[in-house]
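# A structural walkthrough
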Amino acid sequence: MPKKPEHPQTEVHVDVEGRTMRLTNLQKVLYPSTGTTKGEVLDYYVRVAPVLIPHLVGRPVTRIRWPHGVGDMSFFEKNAPAGTPSWVRTAEVPTTGSRGPSRHGDTLVFPIIDQLPTLVWAVNLAALELHVHQWTVDDDGDPVGADRIVIDLDPGEPAGLHECCQVALLVREALAERGYDALPVTSGSKGLHLYAPLAEALPSSETSEIAKEIAEELAAAHPQQVTATMTKARRRGKVFLDWSQNAGSKTTVAPYSLRGTTRPQVATPIDWDEVAAGADDPLGLEQFSPSQVLARVEEYGDLFS
């Protein structure tokens with residue numbers, strides 16, 4: 001006999017800013033370790049939308065979907081899928097991102113999540129993670145270059161968030177020496193992301209070179225703490241400074257996005273006092289849950305703005 005579904009194939013129709021939307025399987029558990037349901041995931045995204053959406057506007061969004069929850073398979077989705085509503089804004093961009101058309105003229109048609117109904121539509125498809133490029137598109141959907149530099153601090157065991165905070169202070173200083181102010185964000189997984197906003201857009205090749213220069217400079221100056229080499233065998237006990245996410249084709253999880261971790265965790269903007277606390281104390285900073293993030297937004301507003 002075929003297996004019965006864990007939850008009835010229920011659906012509800014709700015009004016989201018004037019659009020009637022069909023939401024399905026709200027009782028499906030997407031995080032088995034905490035029993036967190038799809039309905040609770042949608043609730044988080046709707047509540048965090050006022051601070052999340054401004055950081056998605058103008059950025060093609062790659063989604064990572066877990067149709068059966070984080071204990072099961074996931075897949076990356078770049079193109080807008082079949083059945084995408086006509087009102088969802090999309091941008092057709094070269095597969096090479098902001099560097100111009102590829103040799104074969106290949107393009108991708110990304111959704112642009114610039115309004116709440118689009119966010120709800122994406123999350124209803126079990127898109128737990130939202131990843132974006134460092135470049136944006138204009139009103140016509142044409143790439144206009146990178147408006148920020150990002151450096152991903154990825155710890156190799158037994159290093160963790162504590163070591164990432166220590167190295168983040170070094171990266172902050174290196175960026176400041178070049179005239180850039182850095183904004184720290186917990187990755188929602190193991191490490192930290194540092195973003196440096198740019199006064200004017202630059203080609204991804206230039207931002208990649210700046211990030212690579214910083215990573216290699218710090219790896220040379222602090223070889224026991226830092227590596228700029230992607231090889232996992234060389235990361236043990238060190239913090240890998242991943243500069244490659246500045247490439248036109250690469251993406252980074254968006255601030256305020258959930259992660260497909262065992263427990264629901266969120267990529268969370270923090271301040272430099274919190275980074276310093278995490279650098280001083282191995283227990284001084286931890287990854288944040290959705291409820292903690294909503295409480296932080298209520299208290300502090302958007303630390304990433």
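Residues numbered from 1 in each chain as written. Predicted model: local features only at pLDDT ≥ 70, side-chain atom pairs only at ≥ 80, totals over all residues. Heavy atoms only, no water.

- An unreviewed UniProt entry annotates the protein as ATP-dependent DNA ligase clustered with Ku protein, LigD originating from Nocardioides simplex.

## Focus: the side chain of Thr186
- Note that Thr186 resides in strand S12 (residues 183-186).
- The class for Thr186 is buried, based on a relative accessible area of 0%.
- Polar side-chain contacts of Thr186 include one of 3.4 Å to the side chain of Gln287. (Helix = DSSP H or I, 4+ residues; strand = E, 2+ residues; numbered from the N terminus. Buried < 20%, exposed > 50% of the residue type's maximum accessible area, 1.4 Å probe, protein only. Polar contact = N/O pair within 3.5 Å; in protein donor to acceptor, adjacent residues only side chain to side chain.)

## Some points on helix H6 (residues 290-300)
- Burial in H6 covers these residues: Pro290, Val293, Leu294 and Arg296. An end-on view of H6 places all buried positions within 160° of arc, on one side of the element. Pointing more than 90 degrees away from the buried face of H6 are the exposed residues Ser291, Glu298 and Glu299.
- Among the residues trailing H6, Gly301 stands out with phi positive, at a value near 75°. (Arc of directions from axis to C-beta.)

## Some remarks on the sheet that holds strand S6 (residues 75-77)
- Read from one edge to the other, the open sheet built from four strands follows the order S6-S5-S9-S16, with strand pairing classed as antiparallel. With partners counted over all chains shown, the strands left at the sheet margins are S6 and strand S16 (252-253), one partner each. (Pairing = 2+ DSSP bridges.)

## Looking at the pattern of salt bridges
- Per the stated rule, a full pass over the model turns up 10 salt bridges.
- A salt bridge links Arg178 to Glu217; the nearest nitrogen and oxygen atoms lie 2.8 Å apart. Within this pair, whereas Arg178 is found in the loop between helix H3 (161-177) and S12, its partner Glu217 is found in helix H4 (residues 204-221), the two being separated by 39 residues in sequence.
- What makes Arg178 partly exposed here is its relative accessible area of 24%. (Salt bridge = Lys/Arg side-chain N within 4 Å of Asp/Glu carboxyl O.)

## Some words on the packing of aromatic side chains
- Across all of its chains, the model carries two aromatic pairs by this definition.
- Considering the side-chain rings of Tyr44 and Tyr45, the 5.3 Å spacing of their centres and the 65° angle between planes classify their relative orientation as edge-to-face. Like Tyr44, the residue Tyr45 is buried in the burial classification.
- A ring pair is formed by Tyr195 and Phe304, whose centres lie 5.0 Å apart and whose planes are at 80°; its orientation type is edge-to-face. Of the two residues, Tyr195 sits in strand S13 (residues 192-202) while Phe304 sits in the segment after H6, which places them 109 residues apart along the sequence.
- Judged by relative accessible area, Tyr195 falls into the buried class, the value being 1%. (Phe/Tyr/Trp six-rings, centres within 6.5 Å; stacked < 30°, edge-to-face > 60°.)

## Examining the confidence of the model for the protein
- Scored by pLDDT, the protein has a mean of 94; 94% of the residues are at 70 or more.
- Here residues 1-5 is modelled with pLDDT under 50, and outside its nearest four sequence neighbours on either side it reaches zero contacts, counting other chains as well.
- Counting contacts from residues 97-104, a segment whose pLDDT is below 50, to residues more than four positions away or on other chains yields 18 contacts. (pLDDT = per-residue confidence, 0-100. Contact = heavy atoms within 4.5 Å.)

## Observations regarding the domain arrangement of the protein
- Once the domains are mapped, the protein shows domain 1 (11-137) and domain 2 (145-287).
- Distance from the C-alpha centre of domain 1 to the C-alpha centre of domain 2: 24 Å.
- Contacts between the two partners involve 31 residues from domain 1, matched on the other side by 29 residues from domain 2.
- The contact between domain 1 and domain 2 buries some 2400 Å² in all, and 52% of this surface belongs to carbon and sulfur atoms.
- Across the domain 1-domain 2 interface, the total number found is two salt bridges.
- Among the salt bridges present, the one from Asp147 reaches Arg59, with a minimum N-O distance of 2.8 Å.
- Scanning the region where domain 1 abuts domain 2 turns up 20 residue pairs in polar contact (both at pLDDT 80 or more).
- For the side of domain 1 that touches domain 2, the elements supplying multiple residues, two or more each, are helix H1 (38-52), strand S9 (127-132) and strand S10 (135-137).
- Top element by residues in the side of domain 1 that touches domain 2 is H1. It accounts for six residues.
- Its residues placed into classes, the side of domain 1 that touches domain 2 shows 14 nonpolar, 13 polar and four charged. (Domains from an automatic or database assignment. Buried area = accessible area lost by both parts, 1.4 Å probe. Nonpolar A, V, L, I, M, F, W, Y, C, P; charged D, E, K, R; others polar.)

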